[in-house]
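# Structural overview
Listed here are the chains, written in short residue letters.
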Amino acid sequence: MSFLIVSPGKDPKNWVEALKNQHPGLNIYVYPEDHDKEEVDFALAWKHPRGLFKNYPNLKVIASMGAGVDHITSDPELPENVKITKVVDEILEEDMGNFVLSLILDHQRDLSVYQRQQAEKNWSPINYKRNKDVKVGILGLGHLGLTTAKILVKNGFNVHGFSKTPKDIDNIESFSGENELEAFLEESEILVNLLPLTPQTEKILNKGLFQNLPKGAYVINVARGEHLVELDLIEMLDQGHLSGAALDVFWQEPLPEDHPFWEHPKVLVTPHIASVTHPRYVVPQIVENYERMMEEEPLKNVVEREKGY
Ligand code: NDP
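So, here is what we can say about the structure in this document.

Calculation criteria
- Residue positions are given per chain, counting from 1 as you read along its sequence in written order.
- With pLDDT at 70 or above as the cut-off, local features in this predicted model cover only qualifying residues; side-chain atom pairs require 80 or more to be listed or tallied, and sums for whole chains, interfaces and linings still use all residues.
- With hydrogens and water stripped out, all remaining heavy atoms of the structure feed into the side-chain values.
- Each helix is a run of H or I in the DSSP string that is no shorter than four residues. Each strand is a run of E no shorter than two, and both are numbered from the N terminus.
- Three labels apply to residues, based on accessible area from a 1.4 Å probe with only protein chains included: buried if under 20% of the type maximum, exposed if over 50%, partly exposed otherwise in between.
- For every accessible area listed, the method is Shrake-Rupley and the probe measures 1.4 Å; residues are considered covered only by the protein chains on display.
- Salt bridge, as applied in this entry: a Lys or Arg side-chain nitrogen positioned within 4 Å of an Asp or Glu carboxyl oxygen.
- We call a crossover right-handed when, viewed with the strands running away from us, the connection from the first strand over the helix to the second turns clockwise.
- The pairing criterion is simple: DSSP has to find at least two bridges between the two strands.
- Whether two residues touch is decided by their heavy atoms; if any such pair falls within 4.5 Å, the residues are in contact.
- Neighbouring residues are identified by heavy atoms, a residue being near a molecule or strand if any of them is within 4 Å of it.
- Think of a polar contact as two N or O atoms within 3.5 Å of one another; within protein, one of them needs to be a possible hydrogen donor and the other a possible acceptor, and neighboring residues in sequence only count if both atoms come from side chains.
- Residue type decides the class: Asp, Glu, Lys and Arg count as charged, Ala, Val, Leu, Ile, Met, Phe, Trp, Tyr, Cys and Pro as nonpolar, and the leftover types, Gly among them, as polar.
- Domain delimitation follows an automatic or database domain assignment.
- Note on aromatic contacts: the rings of Phe and Tyr and the six-membered ring of Trp form a pair at centre separations within 6.5 Å, being stacked when their planes are under 30 degrees apart, edge-to-face when over 60 apart, and tilted otherwise.
- Both a distance and an angle decide whether a charge sits over a ring: NZ of Lys or CZ of Arg must be within 6 Å of the ring centre and within 35 degrees of the ring normal.

### Description of the overall build of the protein
- Along its length, the protein carries nine helices and twelve strands.
- Expressed as lengths along the three principal axes of its C-alpha atoms, the size of the protein is roughly 65 × 45 × 35 Å.
- For the protein, with 309 residues in total, the buried portion stands at 48%.
- As presented, the protein carries roughly 16,100 Å² of accessible surface, and 48% of it is formed by carbon and sulfur atoms.

Here it is in structure tokens:
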């Protein structure tokens, strides 16, 4: 019975420490150190090498180190019977909500514009809308999307959301299914993407979708880089249909030095920092699932493999 951590390029020191504090008896290996593959029944993973897990005959669970699971589900050689779990964490949700709120306030009150004006000693006040007059659409009303929507409502914004299935949430209008996507977009002066990355949602932020947003709309992508067709965004910004974009996630991270987003005057680039998983807060739920696996009890926060999230 062993626990394997696989997170190439990411130092697992804090995870090992938190796991040992939570469960001192746990036998932990850190990939690629030498270990017996037959012994491993539980893996904690972030961007594992494709095909790795098919070599573990007794593996029962792969736990994602974060809320996203696309880095696991996109592996075509994932063993069929292995369960996948994700992190569900109030702190992660609140951090995401506060980050999106900051981006919206920065845009709405033109703080970045004033920073540029200051550099030119340019004193030019800009009219602004009050929060209640700003319509924010959230794509994805899951753990992060719903908390973000509630934080925005608390701050007086006019919020509506889009999900696969309809929702009944106070003060948040629900749109669902492909038939309602257009109506949802027409209402979205600010569009926030918090969808999971699945074959259905990859490249969903494309020209056709942007054209359904009102002129001057602002786009925030804090979900996954692969949701966005980058050239379509640049075209819609340059044509003036979109007023700007805040991007936290990218097809290639770190964003390559020669990428046009770095210098685009209408794009705010942040380095995948919207909401960061803190090992010490989420290790208790991972250890709880390890113990549930040992006791053959149902796991928590299981990903539905057919849905991909
Ligand atoms: P969840 O799985 O909890 O929520 C997914 C939501 O999206 C659900 O409301 C679901 O609808 C909806 N959805 C899924 N597929 C579709 C579809 N095809 N059409 C319409 N709606 C759909 O996700 P999380 O809230 O945990 O994560 C959201 C995103 O945030 C992920 O992409 C994750 O990778 C990213 N993330 C980014 C971070 C950052 O720092 N930038 C940090 C952490 C996560 P329904 O409710 O009907 O099932």
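### Things to note about unusual backbone geometry
- Going from Tyr31 to Pro32, the amide bond is cis rather than trans, its omega being 10°.
- Along the chain, Pro32 falls in the loop between strand S2 (28-30) and strand S3 (40-45).
- Cis geometry is adopted by the peptide bond preceding Pro254, which originates at Glu253 and carries an omega value of -5°.
- Along the chain, the position of Pro254 falls in the loop between strand S11 (242-247) and strand S12 (267-269).
- Phi is positive for Lys47, close to 55°, though the residue is something other than glycine.
- Among the structural elements, Lys47 can be located in the loop between S3 and strand S4 (61-64).
- Overall, Lys47 belongs to the partly exposed group, its relative accessible area being 46%.
- Its identity as a non-glycine residue notwithstanding, Asn171 has a phi of 65°, on the positive side.
- Inspection of the secondary structure assignment puts Asn171 in the loop between strand S7 (158-163) and strand S8 (173-176).
- A residue is classified by how much of its surface remains accessible, and Asn171, at 64% relative accessible area, is exposed.

### Things to note about the pattern of salt bridges
- Applying the stated criterion across every chain yields a total of nine salt bridges.
- Across the salt bridge formed by Lys54 and Glu77, the nearest N and O atoms sit 3.2 Å from each other. Here the residue Lys54 occupies a position in the loop between S3 and S4, and Glu77 occupies one in the loop between helix H2 (70-73) and strand S5 (83-85), the gap between them amounting to 23 residues.
- A relative accessible area of 47% means that Lys54 is categorised as partly exposed.
- A residue is classified by how much of its surface remains accessible, and Glu77, at 39% relative accessible area, is partly exposed.
- With its nearest N and O atoms 3.0 Å apart, the salt bridge here joins Arg292 to Glu288.

### Quick notes on the pairing of S7
- Counting buried residues along S7, five of its six residues qualify, which places the element largely inside the surrounding structure.
- You can see the chain leave strand S6 (residues 135-139), run along helix H5 (residues 143-154) and come back into S7, and the turn it takes is right-handed.
- Across four bridges, S7 lies against S8 in parallel orientation. By the bridge assignment for S8, Phe162 is matched with Phe175.

### Considerations on helix H8 (residues 230-238)
- For H8, the set of buried residues is Glu230, Asp232, Leu233, Ile234, Met236 and Leu237.
- Close packing links the buried residues of H8 with helix H7 (207-211), S11 and S12.
- Looking one or two residues past H8, Gly240 carries a phi angle of roughly 90°, positive in sign.

### A word on the site of the ligand
- For the ligand, the set of nearby residues contains 28 residues, the closest of which are Lys86, Thr165, Lys167, Leu195 and Tyr309.
- One of the backbone N or O atoms of Gly142 is found 3.1 Å from an oxygen atom in the ligand.
- Within the contact set of the ligand, a nitrogen atom lies 3.1 Å away from a backbone nitrogen or oxygen of Lys164.
- In isolation the ligand offers 950 Å² of accessible surface; the protein chains occlude 92% of this area.
- Sorting the residues of the shell around the ligand by element identifies H5 and S7 as the ones contributing at least two each.
- Counted by class, the shell around the ligand contains 13 nonpolar, ten polar and five charged residues.
- Counting contributing residues, the shell around the ligand receives three or more from each of domain 1 (2-89 + 277-294) and domain 2 (90-269).

### Some words on the packing of aromatic side chains
- For the structure shown, the criterion picks out seven aromatic pairs.
- For the ring pair Phe42 and Tyr290, a centre distance of 5.5 Å and an interplane angle of 70° mean the geometry is edge-to-face. On the criterion of sequence distance, the pair formed by Phe42 in strand S3 and Tyr290 in helix H9 (residues 279-294) is long-range, its members being 248 residues apart.
- Ring geometry for Phe162 versus Phe184: centroids 5.5 Å apart, planes at 40°, classification tilted. Pair noted here: Phe162 is in strand S7 and Phe184 is in helix H6 (residues 181-186), with a separation of 22 residues, a long-range link.
- Taking the relative accessible area as the measure of exposure, Phe162 reaches 9% and is therefore buried.
- For Phe184, a relative accessible area of 0% gives the class buried.
- Taken together, the ring pairs connect Phe3, Phe42 and Tyr290 into an aromatic cluster.
- The ring centre of Trp46 lies 4.5 Å from the NZ or CZ of Lys10, which sits over that ring.
- A cation sits over an aromatic face here: Arg109 above Tyr128, 3.4 Å from the ring centre.

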